[in-house]
Amino acid sequence: MRTVWEGPRLEAEFTLMRWGRETGVQLRHGERSMIKRRHYLNRGEGYPTAEAYLVAAPTGADNKNRNSFDRKWTEITGLIGTRWEPVRPLVNHPVRRGSRVVPVIRPSGVAHVPALASA
């Protein structure tokens with residue numbers, strides 16, 4: 001998520017629509033949200049793949065990406081950097097993990113393991 005332009009909501013939507021018409025970039029709507037997006041890099045077949053689009057969004061969202069984003073983006077797309085520079089610096093949020101509960105995997109062929117009896 002990178003903020004590349006800031007302004008009033010209506011002006012942002014008009015700017016997005018005008019840019020899409022001028023460049024011939026496809027307009028799509030979210031399946032459930034119906035949010036309008038201009039996809040300038042369509043998702044490829046297979047895995048890994050990448051896609052990129054512009055959307056008019058509310059003010060205040062953090063510019064963020066994982067530390068490995070730029071490296072993976074270049075590996076997958078062959079592009080260095082995204083199309084536009086963000087208007088604010090990116091924030092690297094620490095990766096949060098779940099509860100750190102480790103699943104118990106019972107060894108096959110073992111009839112009874114006392115330490116796992118209560119699991």
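Located above this text is the structure these notes cover.
Computed from a prediction, not measured in an experiment: that's the story for all the values here.

Trainee: What should I look at first to understand the layout of surface pockets in this one?
Mentor: With a probe scaled to a water molecule rolled over the atoms, the places where space remains empty come into view. What the largest pocket holds in volume is close to 1100 Å³. Taken together, 33 residues form the lining of the largest pocket, with Arg-2, Val-4, Tyr-53, Leu-54 and Val-55 sitting closest to its centre. Within the residue set of the lining of the largest pocket, elements represented by two or more residues are α1 (9-23), β3 (52-55) and α2 (69-77). Of all the elements, α1 adds the most residues to the lining of the largest pocket, at five residues.

Trainee: Please explain the pattern of salt bridges as it appears in this structure.
Mentor: Pairing of side chains with opposite charge becomes possible as their charged atoms draw close. Within this structure, the stated rule accounts for six salt bridges. Arg-2 serves as the salt-bridge partner of Asp-70, at 3.2 Å between the closest nitrogen and oxygen. One end of the pair, Asp-70, is in helix α2; the other, Arg-2, is in the segment before α1, and 68 residues separate them in sequence. The residue Glu-75 makes a salt bridge to Arg-71 at a minimum N-O spacing of 3.0 Å.

Rules behind the numbers
Residues numbered from 1 in each chain as written. Predicted model: local features only at pLDDT ≥ 70, side-chain atom pairs only at ≥ 80, totals over all residues. Heavy atoms only, no water. 1 Å grid on protein atoms, 1.4 Å probe; cavity = no way out; pocket = protein on both sides within 12 Å on 5 of 7 lines; lining within 4 Å. Points joined across faces, edges and corners; volume = space filled by probe spheres on them. Helix = DSSP H or I, 4+ residues; strand = E, 2+ residues; numbered from the N terminus. Salt bridge = Lys/Arg side-chain N within 4 Å of Asp/Glu carboxyl O.

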